[in-house]
Amino acid sequence: MSDKKQFKTESKRLLDLMINSIYSHKEIFLRELISNASDASDKLYYKALQENIQGISREDMAIYLKADKEQRTLTIEDYGIGMSKDELDSLLGTIAHSGSDEFKKALEKGVDNVDIIGQFGVGFYSAFMVADKVEVFSKKYGEEKAYVWVSDTSDGYEINEASLNHHGTMIVLHMKPNTEDEDYDQYLEQYRIEALVKKYSDYIRYPIKMDVTVSKKKEGTEDEYEDVTETRVLNSMVPLWKRNKKDITKEEYDNFYKAKFNDFEDPQRVMHNRVEGNVTYDSLLFIPSHTPQNYYSTDYERGLQLYSRGVFIMDKCKDLVPEHFRFVRGLVDSEDLNLNISREMLQHDRSLKVIADRIEKRISSELEKMLKNEREEYVKFFNNFGMQLKFGIYNSYGMLKDKLQDLLMFYSANKKELITLREYVDNMAEGQTEIYFASGETTNKIDLLPQVEAVKDKGYDILYLTDNVDEFCLQMMRDYDSKTFKNVTQGDLNIETEEEKKNLEEQTNDNKDMIDAIKEALGDKVQDVKLTARLKNHPVCLTSGEGLSFEMEKVLKAMPDAQAQELKAGRILEINPNHELFSSLKKVYEKNHDALKDYASILFDQALLIEGFTIEDPVDFSNKITKLMIEASK
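Residues numbered from 1 in each chain as written. Predicted model: local features only at pLDDT ≥ 70, side-chain atom pairs only at ≥ 80, totals over all residues. Heavy atoms only, no water.

Asks: Residues and numbers for the overall build of the protein, please.
Replies: Across its full length, the protein holds 21 helices and 23 strands. The buried share of the protein, reckoned over its 634 residues, is 51%. Put simply, of all contacts in the protein between residues at least 6 apart along the chain, 70% involve residues at least 24 apart. With an accessible surface of roughly 31600 Å², the protein has 45% of that area assigned to carbon and sulfur atoms. (Helix = DSSP H or I, 4+ residues; strand = E, 2+ residues; numbered from the N terminus. Buried < 20%, exposed > 50% of the residue type's maximum accessible area, 1.4 Å probe, protein only. Contact = heavy atoms within 4.5 Å. Areas by Shrake-Rupley, 256 points an atom, 1.4 Å probe, with all protein chains shown as cover.)

Written as structure tokens, this is what we have:
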């Protein structure tokens, strides 16, 4: 009896969107369906291990392909776990539902030596890129009845009882008619199927078999040939990481990475190593060419896949890759790990710790080599993942400084590009003793800060910090090559000449009463008011005392922590005594002491705005400006 149903997730529109958007090449459908068949075989093997079922061996499992040119069908068949009627409905009736994803979660509570390649959700529906009708015959292991799921996507799907003489799943694709733009018959050609299996599924652990036609010499003849059908294994079944890297092409690495880690772009870097010694292992590591969408969120899980003698142990082994290199994807296969090792034991496994240390060194050395020999590539990498290196130093309270400091880059005011700390120090001006930096939202906005003028005027370079973590990172580092870091908007810079210092002291003494009056007018809004030599063309600026800086205050205030909201950098109003405005202030003060209060308030609000802070009373600020404009016109 037919059981007609509609798709459960947003209907045919979502299915059409998935088919036309997710995959750029239609040929990918075969990879997805073979991966699903491999998953189903893994699930049965896992069940046998869990329930101690005899007679089920991984060596006896295979995946079969069959092309029928007359009927224009392509069949993918496995002898795996199979699906019940309810599972056909729930797994295939809901687009983007993943049975393998649920299976991964189940693995976290049990035996871990089963490999999961793909997901039986979106991947399955790639079949509709090449087929206008799909039949899925399936019999759950241990059940008597088989069922068939049928859909042409136009009007939902139906599930009927069916006949299948073995447990597992058989998917039959009815290929679409050829068009002027698309040749669907190619996917029924023997050579094309062989090429696609080799390209995408060569590392599948189960043999992928197909009856192929070959020409052989006819027995009893010298030059007569006949077509003979024989069953051929299309894949090598040797994992990519076990092959000699000299025999692997860039395309093979790229395809493996994209299929294995569900990425749509080729990796930026590939690191393939075989290490022998006290601990022997193969590692295949990748640096992505872009930042994953959820990378800087708590949802992103770091870790490498872990295998032992080719048998899957864990999907994301966090102990294999440190947090500061969490961007690295890949896998490790070691002969020195126990196949039946539990997660608790794994955390204390000496071999694992040795491998993790060597992997960290391998990644560090690859990044150092890229920085030295391929500058543009490293800048691209740093733009994607440089913030992670900074977090590494900050989160370790500076313990990782020696490991990571030479991999950091910051924008140089002089060079107008990213430079390393080593490059900054090597190019320091004569007599310069500190590494100067300024923080802000963008490099352009930082460049406009009044405080950078005097430092640049001395010929000193300034590092422009634009990431929230930057200042916190430098604070944990304290110095580089014995040169301390100095914020140009914080504390005294001490870059003035003796003559400049003497002039500033004289001007301060001469105008002490006015400075005190401004400080009194501003009250607890400021820690201090003083004349400064750090300004050239600007009349006023705000600086903070040692400790918390303005940018650090902004970062902390953006956090949900209530205590962080209360933290505030001290505000010091600095006035340029060589600016025309200072002369105007003196005239105002001489004529009317009380009028100076409005000027002081305006100057403070002006300095706040320059630093990117909001002012307490915008209306009052506007009124005072308006009042000054009216008075100026009289």
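Asks: Describe the sheet that holds strand S16 (residues 418-420), listing the residues and the values that go with them.
Replies: Note on sheets: strands pair through backbone hydrogen bonds, and any given pair is parallel or antiparallel. With respect to topology, 6 strands assemble into an open sheet ordered S16-S15-S18-S17-S20-S19, the strand pairing being mixed. Each having just a single partner strand, S16 and strand S19 (479-480) make up the two edges of the open sheet. When strand S15 (residues 409-412) meets S16, the two strands line up antiparallel, connected through 3 bridges. When the bridges of S16 are listed, Tyr411 appears paired with Leu418. (Pairing = 2+ DSSP bridges.)

Asks: Before we move on, could you go through a negative patch on the surface and cite the residues and values that matter?
Replies: On the surface, a cluster of negative charge is made up of Glu219, Glu222, Asp223, Glu224, Glu226 and Asp227. Its location among the elements puts Glu219 in the loop between strand S8 (208-217) and strand S9 (225-233). (Patch = residues over 30% accessible without salt bridge, like charges linked within 9 Å, V, L, I, M, F, W, Y side chains within 5 Å. Salt bridge = Lys/Arg side-chain N within 4 Å of Asp/Glu carboxyl O. Lys, Arg positive; Asp, Glu negative; His and termini not counted. Charge placed at Lys NZ, Arg CZ, Asp CG, Glu CD.)

Asks: Could you give an account of the packing of helix H19 (residues 580-591) against helix H20 (residues 595-610), naming the residues involved and the relevant values?
Replies: The N-to-C vectors of H19 and H20 enclose an angle of 155°; their axes lie 9 Å apart at closest approach. Between H19 and H20, the angle falls in the class roughly antiparallel. In this structure, H19 crosses over H20, and the sense of that crossing is left-handed. Here H19 contributes Leu581, Leu585, Val588 and Tyr589 to the contact with H20, which in turn contributes Ala595, Leu596, Tyr599 and Leu603. A per-class count over the contact of H19 with H20 returns 8 nonpolar, no polar and no charged. (Axes fitted to C-alpha atoms, helices over the stretch in contact; angles between N-to-C directions. Parallel < 35°, antiparallel > 145°, perpendicular 65-115°, else oblique. Left-handed = near helix turned anticlockwise from the far one by under 90°. Nonpolar A, V, L, I, M, F, W, Y, C, P; charged D, E, K, R; others polar.)

Asks: Tell me what's going on with the pattern of salt bridges, and back it up with residues and numbers.
Replies: The full count for this structure, using the stated rule, is 51 salt bridges. A salt bridge links Arg232 to Glu194; its shortest N-O distance comes to 2.9 Å. You can see Arg232 sitting in strand S9 and its partner Glu194 sitting in helix H5 (residues 190-200), a full 38 residues away along the chain. Where salt bridges share partners, they join Lys242, Arg274, Glu276, Asp282 and Asp333 into one cluster.

Asks: How would you sum up the side chain of Arg571? Please name residues and give values.
Replies: Positionally, Arg571 belongs in the loop between helix H18 (562-566) and strand S23 (572-575). The class for Arg571 is buried, based on a relative accessible area of 7%. The residues contacting Arg571, other than those within four sequence positions of it, are Lys525, Val526, Gln527, Asp528, Leu542, Thr543, Phe550, Glu553, Phe604, Leu608 and Phe613.

Asks: I'd love a proper account of the packing of H20 against helix H21 (residues 618-633), names of residues and values included.
Replies: Orientation of H20 relative to H21, taken along the N-to-C sense of each, is 125°, at an axis distance of 10 Å. Of the possible angle classes, the one that applies to H20 and H21 is oblique. Along this stretch, H20 crosses H21, giving a crossing that reads as left-handed. Along the contact surface, H20 presents Asp598, Tyr599, Ser601, Ile602, Asp605, Gln606 and Leu609, while H21 presents Asp620, Phe621, Lys624, Ile625, Lys627 and Leu628. For the contact of H20 with H21, a count of residues per class yields 6 nonpolar, 2 polar and 5 charged.

Asks: Please set out the pairing of strand S20 (residues 483-487) residue by residue, giving values where relevant.
Replies: In regular strands, side chains alternate between the two faces of the sheet. Pairing of strand S17 (residues 434-439) with S20 involves 4 bridges; the strand directions are parallel. Bridge pairing links Tyr436 to Lys486 in S20. As judged from the 2 bridges shared by S19 and S20, these two strands associate in the antiparallel manner. The partner of Asp479 across the bridge, within S20, is Thr484. Connecting the antiparallel pair S19 and S20 is a turn made up of 2 residues, with Asp481 showing a positive phi of about 55°.

Asks: Could you give an account of unusual backbone geometry, with specific residues and numbers?
Replies: Not every positive phi belongs to a glycine, and Met237 is a case in point at roughly 65°. Positive phi outside glycine occurs at Ser482, with the angle close to 65°. Exposure remark for Ser482: the relative accessible area of 67% places this residue in the exposed category.

Asks: Any details on the sheet that holds S23? Residues and values, ideally.
Replies: Spatial ordering of the open sheet is given by S21-S23-S22, a layout of 3 strands whose pairing is mixed. Two strands close off the open sheet at either side, each with one partner strand: strand S21 (528-531) and strand S22 (540-543). With strand direction ignored, the average angle separating the axes of adjacent strands in the sheet is 25°. Here 4 bridges tie S21 to S23, and the two strands are oriented parallel to one another.

Asks: Go over empty space enclosed by the protein, please, and point to the residues and values.
Replies: Applying the stated rule across the entire model yields 3 cavities of 30 Å³ or more. Approximately 100 Å³ is the volume attributed to the largest cavity. Lining the largest cavity are Lys198, Lys199, Tyr200, Ser201, Asp202, Tyr203, Val238, Leu240, Arg243, Glu252, Asn255 and Phe256. Contributions of two or more residues to the lining of the largest cavity are made by H5 and helix H6 (250-260). Its residues assigned to classes, the lining of the largest cavity comprises 5 nonpolar, 2 polar and 5 charged. Around the second largest cavity sit Ala454, Lys458, Ile495, Glu496, Glu500, Ala533, Arg534 and Lys536, which together line it. Among the residues forming the lining of the second largest cavity, the class breakdown is 3 nonpolar, no polar and 5 charged. (1 Å grid on protein atoms, 1.4 Å probe; cavity = no way out; pocket = protein on both sides within 12 Å on 5 of 7 lines; lining within 4 Å. Points joined across faces, edges and corners; volume = space filled by probe spheres on them.)

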